[in-house]
Amino acid sequence: MYNSKIIGLGHYVPENVVTNDDLSKVMDTNDAWIQERTGIKERRHVVRGDGDTTTTMGVKAAKIAIERAGIDKDDIDFIVFATLSPDYYFPGPGVLVQRDLGIKSVGALDVRNQCSGFVYAVSIADQYIKTGMYKNVLVIGSELHSHGLDMTTRGRGVSVIFGDGAGAAILTREEDTTKGILSTHLHSEGQHAEELSLIAPGMGNRWVTDIMEDNDPNDESYFPHMNGQFVFKNAVVRFSEVIVEGLEKNKLKATDIDLLVPHQANLRISQFIQKKFQLSDDQVFNNIMKYGNTTAASIPIALTEAWEEGKVKSGDVVVLAAFGSGFTWGSVIIKW
Ligand SMILES: CC(C)(COP(=O)(O)OP(=O)(O)OC[C@H]1O[C@@H](n2cnc3c(N)ncnc32)[C@H](O)[C@@H]1OP(=O)(O)O)[C@@H](O)C(=O)NCCC(=O)NCCS
């Protein structure tokens, strides 16, 4: 058995910055409300027609990660792509990355676990590497939310939160099993599936033709729905539980954490977790202020920026934790 470790990180966000004031021009909201409730100051939105998609952003992030890893694209043995906003209903973006990067015909897997997508994807990559089946795995989290949000006052409780972007990591074999990814922990509670969801079009629900036929101006089923307070209350509990689970598994204490990179759901959630574990500002990385919630992309974007800023050093205990739609949640404990 081996461990896996992250040897390359990259991120890409579209250039177009959308401030809270920009949003207040198209819906009844304001900078003070958004900052107070979420901590978000601005986010990035792909401009329609610019050519960026979930896949192309993922590819741009992946190219940086591959270069920093010092490997060739042909060294990649497997691709895992996490997103809730794929270019096509099918096929998923994994194969599009294989095509666009010109990688040989390795396996490409799509993960649909929303805000915990990257944590799930890392866990999958880690298992393949641990068993020795693959050596180098490309893991991508990418989202293009902005084209599918209700940018009117009706959708303001959701649409002010989400942003576009991508992050990628190269995981490789680590022969020293005291280093690299020490453990991953995954959970779900489908009982709350609809509390944070986008239910149409869906084959088991209403298909595109049904939506067109109904032509109902009050139809909100094809926009994301979020029961914000319910999500918030569950998030703080599950984040805490899954961090404790990971620490206990590795006989670590909260004081051993050098850096916690939480999914960037809401700055208030991160601050709650920071307080609960009595972590200093240096021990928790947040960038939601700049990018909003980029779902599966949020952890790899944050981890990349933390690494670029020198906040991730050899020997550090780095904890990734996520919670989101499903509900699904998970954590990754890394000895860098
Ligand atoms: C979404 C969230 C910021 C909303 O904050 P909240 O304090 O729960 O706010 P509420 O939804 O109760 O709404 C409070 C009021 O603000 C209003 N409001 C909602 N969105 C608004 C916006 N963008 N601008 C201004 N007012 C807004 C509501 O209409 C409501 O008005 P009312 O009191 O007159 O009815 C918060 O619930 C949250 O962050 N939840 C977790 C979300 C999350 O993490 N999601 C991702 C998980 S992966």
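Criteria and cut-off values
Residues numbered from 1 in each chain as written. Predicted model: local features only at pLDDT ≥ 70, side-chain atom pairs only at ≥ 80, totals over all residues. Heavy atoms only, no water. Helix = DSSP H or I, 4+ residues; strand = E, 2+ residues; numbered from the N terminus. Contact = heavy atoms within 4.5 Å. Near = heavy atom within 4 Å. Polar contact = N/O pair within 3.5 Å; in protein donor to acceptor, adjacent residues only side chain to side chain. Areas by Shrake-Rupley, 256 points an atom, 1.4 Å probe, with all protein chains shown as cover. Nonpolar A, V, L, I, M, F, W, Y, C, P; charged D, E, K, R; others polar. Pairing = 2+ DSSP bridges. Axes fitted to C-alpha atoms, helices over the stretch in contact; angles between N-to-C directions. Buried < 20%, exposed > 50% of the residue type's maximum accessible area, 1.4 Å probe, protein only. UniProt positions renumbered as here; feature names shortened; annotations may be inferred.

K.L.:
Looking at this model, I keep getting lost on the environment of I129. Mind explaining?
P.N.:
Residue placement: I129 occurs in helix 5 (residues 117–130). Linking I129 and V97, residues 32 residues apart in sequence, is a C-alpha distance of 20 Å. Those residues in contact with I129 that lie beyond four places of it in its chain are Y2, N3, S4, Y134, K135, V137, L171, T172 and R173.

K.L.:
Help me understand the site of the ligand, please; the structure alone is not making it clear to me.
P.N.:
In the neighbourhood of the ligand, 23 residues make up the surrounding shell, with T29, R37, G228, Q229 and N266 lying closest. A distance of 2.9 Å separates an oxygen atom of the ligand from a polar side-chain atom of R156. Within the contact set of the ligand, a nitrogen atom lies 2.9 Å away from a backbone nitrogen or oxygen of G228. For the ligand, whose free accessible area comes to 960 Å², the fraction covered by protein is 71%. Mapped by element, the contributors of at least two residues to the shell around the ligand are helix 2 (31–38), helix 6 (156–159), helix 8 (228–249) and strand 12 (317–324). For the shell around the ligand, the class distribution of residues is eleven nonpolar, nine polar and three charged.

K.L.:
What is the right way to read the sheet that holds strand 4 (residues 78–82) from this model?
P.N.:
The strands making up a sheet are joined through hydrogen bonds of the backbone, oriented either antiparallel or parallel. Spatial ordering of the open sheet is given by 1-7-6-4-5, a layout of five strands whose pairing is mixed. Each end of this open sheet is capped by a strand with a single partner; those strands are strand 1 (3–12) and strand 5 (107–111). Neighbour-to-neighbour, the strand axes of this sheet turn through a mean angle of 20°, independent of strand direction. Here strand 6 (residues 137–143) runs beside strand 7 (residues 165–174); their pairing, made up of seven bridges, is antiparallel. Bridging from a neighbouring strand, S142 pairs with A166 of strand 7.

K.L.:
Would you explain unusual backbone geometry in this entry?
P.N.:
Omega for the bond connecting F90 with P91 falls within 30 degrees of zero, at -5°, which places this linkage in the cis form. One can find P91 in the loop between strand 4 and helix 4 (93–100). Between G326 and F327 the backbone carries a cis peptide bond, its omega angle lying at -15°. Mapped onto the elements of the fold, F327 is located in the loop between strand 12 and strand 13 (328–335). Of note, the phi angle at K251 is positive, near 55°, even though the residue is not glycine. Structurally, the position occupied by K251 is in the loop between helix 8 and strand 11 (259–262).

K.L.:
What should I look at first to understand helix 11 (residues 298–308) in this one?
P.N.:
Residues separated by three or four positions in an α-helix point in the same direction, a consequence of the helix having 3.6 residues per turn. Most of helix 11 sits inside the fold, with nine of its eleven residues counted as buried. Those residues of helix 11 that fall on the buried side of the exposure criterion are S298, I299, P300, I301, A302, L303, T304, E305 and A306. Following helix 11 by one or two positions, G310 has its phi on the positive side, about 75°.

K.L.:
So what exactly am I meant to see when it comes to the UniProt feature "domain: Beta-ketoacyl-[acyl-carrier-protein] synthase III N-terminal" (unreviewed entry) in the chain here?
P.N.:
Residues annotated by UniProt as "domain: Beta-ketoacyl-[acyl-carrier-protein] synthase III N-terminal" (unreviewed entry) correspond here to residues 109–190. Between the first and last C-alpha atoms of residues 109–190 the distance is 22 Å; the span itself is 22% helix and 35% strand.

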